[in-house]
Amino acid sequence: MTFRDDGYAAIDWAARSLETVGELPVLAQVEPGELSAKLPASPPEEAEPFAAVLRDMDELILPAMTHWQHPRFFAYFAVTASEPGILGELLAAATNQVALHWRASPASTELELRVVDWVRQLLGLPDGWHGHIEDTASTSTLAALIAARHVTGRNVVVCSEHAHSSVEKGARMLGMELRKQPAVELAMTTDFPLDDVACVVATVGTTSFASVDPVRELAARAHAAGAWLHVDAAYAGSAWICEEERWSQDGVELADSLVVNPHKWLMLPMDCSLLWTSRPDEFREAFSLVPEYLRTPEDVYALSEYGPALGRRFRSLKLWAVLRCYGAEQLRAVQREHIRLARVFARLVEDDPGWELVAPQRLSLVVFRKNVSDEENEQLVERANRSGEIFLSHTKLDGRYVIRLAVGNTRTTEADIHQAWEVLNR
Ligand SMILES: Cc1ncc(COP(=O)(O)O)c(C=O)c1O
């Protein structure tokens, strides 16, 4: 078989997988170690055909998958790897650009700057910000903390008790001190001392509740004290393509850095995290280190001077493909539908006295619980997930177990929402 034939077979496999994923159990129905036991312990000595890999995809790998492309995947933040995004990944792998600096890939460097700027425009962010692509929000936030420490010469990070664990992990990796600030009505309080603070991290769209911190006030206080303000809008930031969701952008124009993940809610396959800074020169200073072998006669951009990685993937290609093949209008329509579907579910919860919404429904996330004990709620989620019909996740609010239902897949319909409700009540 040739690359071309194998390629057609792989695309057939992918297309069939997308067409039929809804018929599979969402949560992998395997025990830990079950796949490992079926995989050869050592690598093959002789070459095998690619068809053997595809066969094993069906027989071994697929049954051990939790299906993130499933219409009833409602856990964490549900996502979609759209078709143009998948094909963009294929082209990126085929051309294998390693964008160390401009010369190593003018295309990757210049396309990345352009499409990240397209997203900046679509989200209504200020002119003049510098944006680039990192793999994940965890890396983007780590990079922001590095820049904040470099610029301020201080070593303390402050974030909300509801901030994502990546903030704590970043601080820990950098040996920075983390201070978690309590929240009132899920929003970070602002009455903390700032004299030794390097970075204040505000979250727009927290992981547990999609709640929003008072960014404007945090920015004003941080800047008055010489601290950096990083905004984590990994999930919610994508919703700013819809004008009616821009209320949560209030104050973001004052940020020193901002992360938004198109792989969460702009239909991109993992991974693609956008990191903007309004202080590009200082940001670059924190990272710039050009060894002799990377010096070139052109005095131009190296995006590797804005983050931890040297070799950079051609991630902008899939972002370009998605932005072009959807167009802003269709991306807005997808998000509005997800928010509408979340509202449908929130109403079902609200209208049933046996259940309660534990936080206001924000964007495509509903946080709720049954009016029974924590243990019973936990068992309920576990049974629902084991059924394979739906997949939900949980969090805690004031020590109580609460259930999260997040809509984020383009295949999800209102019937799926009703099925989720039916499974939980069954
Ligand atoms: C608000 C927020 N920030 C950061 C992250 C981490 O994202 P990543 O997996 O891209 O590191 C998440 C993940 O869900 C998140 O919800």
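See the structure printed just above.
Remember, predicted model here, so these are calculated numbers, not experimental data. (Residues numbered from 1 in each chain as written. Predicted model: local features only at pLDDT ≥ 70, side-chain atom pairs only at ≥ 80, totals over all residues. Heavy atoms only, no water.)

A. Structural detail: the nonpolar core. Membership of the largest hydrophobic core comes to 65 residues, with the highest contact counts inside it found for Leu229, Leu258 and Trp276. Here the element with the most residues in this core is helix 11 (residues 316–350); it accounts for eight residues. Setting aside residues no more than four positions away along its own chain, Trp276 makes contact with Val116, Val119, Arg120, Leu123, Leu125, Trp129, His130, Gly131, Asp256, Ser257, Leu258 and Val260. Counting residues in each nonpolar core, the second largest holds 25 residues, with Ala346, Phe368, Val381 and Tyr401 among its members. (Core = buried A, V, L, I, M, F, W, Y, C linked by side-chain atoms within 4.5 Å. Buried < 20%, exposed > 50% of the residue type's maximum accessible area, 1.4 Å probe, protein only. Helix = DSSP H or I, 4+ residues; strand = E, 2+ residues; numbered from the N terminus. Contact = heavy atoms within 4.5 Å.)

B. A look at the pairing of strand 2 (residues 156–160). Counting buried positions along strand 2 gives five out of five residues, so the element sits mostly inside the fold. Regarding topology, helix 7 (residues 165–174) serves as the crossover connection from strand 2 to the parallel strand 3 (residues 177–181), and that connection is right-handed. (Right-handed = clockwise from strand over helix to strand, strands pointing away.)

C. Structural detail: the site of the ligand. Residues in contact with the ligand amount to 13 residues; listed here are only the nearest, Ala137, Ser138, Thr207, Asp232 and Asn261. Take Thr207: an N or O atom from its side chain is 2.9 Å from an oxygen atom of the ligand. Between Asp232 and the ligand, the recorded distance is 2.6 Å, taken from a side-chain N or O atom to a nitrogen atom. Protein burial of the ligand: of its 400 Å² of free accessible surface, 86% is covered by the chains. Elements supplying a minimum of two residues to the shell around the ligand: helix 6 (137–152) and helix 9 (262–265). Each residue belonging to the shell around the ligand can be placed in one class, and the counts come to three nonpolar, eight polar and two charged. (Near = heavy atom within 4 Å. Polar contact = N/O pair within 3.5 Å; in protein donor to acceptor, adjacent residues only side chain to side chain. Areas by Shrake-Rupley, 256 points an atom, 1.4 Å probe, with all protein chains shown as cover. Nonpolar A, V, L, I, M, F, W, Y, C, P; charged D, E, K, R; others polar.)

D. Quick peek at the state of the cysteines. By the definition in use, this model includes zero disulfides. Residue Cys159 stays outside any disulfide, its sulfur separated by 9.4 Å from that of Cys199, the closest cysteine. With relative accessibility at 0%, the residue Cys199 sits in the buried group. (Disulfide = S-S within 2.5 Å.)

E. Here's a closer look at the packing of helix 6 against helix 10 (residues 280–287). Two numbers describe how helix 6 lies on helix 10: the axes approach to 9 Å, and their chain directions differ by 100 degrees. Classed by the angle they form, the pair helix 6 and helix 10 counts as roughly perpendicular. Packed against helix 6, whose contacting residues are Ala143, Ala144, Ile146, Ala147, His150 and Val151, the element helix 10 presents Glu282, Phe283, Glu285, Ala286 and Phe287 at the interface. Residue composition of the contact of helix 6 with helix 10, grouped by class: eight nonpolar, one polar and two charged. (Axes fitted to C-alpha atoms, helices over the stretch in contact; angles between N-to-C directions. Parallel < 35°, antiparallel > 145°, perpendicular 65-115°, else oblique.)

F. Looking closely at the side chain of Thr206. The topology assignment puts Thr206 in the loop between strand 6 (197–203) and helix 8 (215–224). Under the relative-accessibility criterion, Thr206 is labelled buried at 0%. Side-chain polar atoms of Thr206 contact the backbone nitrogen of Phe209, separated by 3.3 Å. Those residues in contact with Thr206 that lie beyond four places of it in its chain are Phe77, His162 and Ser211.

G. Region of the structure containing the packing of aromatic side chains. All chains considered together, the criterion is met by 14 aromatic pairs. Here the aromatic rings of Trp68 and Tyr76 are separated by 5.7 Å at their centres, their planes lie at 20 degrees, and the arrangement is stacked. Trp68 gets classed as partly exposed once you look at its relative accessible area, which sits at 39%. Centroid distance Phe73 to Phe391: 5.3 Å. Interplanar angle 85 degrees. Geometry classified as edge-to-face. Of this pair, Phe73 sits in the loop between helix 3 (50–61) and helix 4 (83–95) while Phe391 sits in the loop between helix 12 (374–386) and strand 12 (393–397), and the two are 318 residues apart along the sequence. Phe73 sits in the buried class, given a relative accessible area of 0%. For Phe391, a relative accessible area of 7% gives the class buried. When the ring centre of Phe192 is taken as origin, the NZ or CZ atom of Arg221, which lies over that ring, is 5.4 Å away. Arg404 extends its terminal NZ or CZ atom over the ring of Phe77, reaching a point 5.1 Å from the ring centre. (Phe/Tyr/Trp six-rings, centres within 6.5 Å; stacked < 30°, edge-to-face > 60°. Lys NZ or Arg CZ within 6 Å of the ring centre and 35° of its normal.)

Read these as spatial facts, not as claims about activity.
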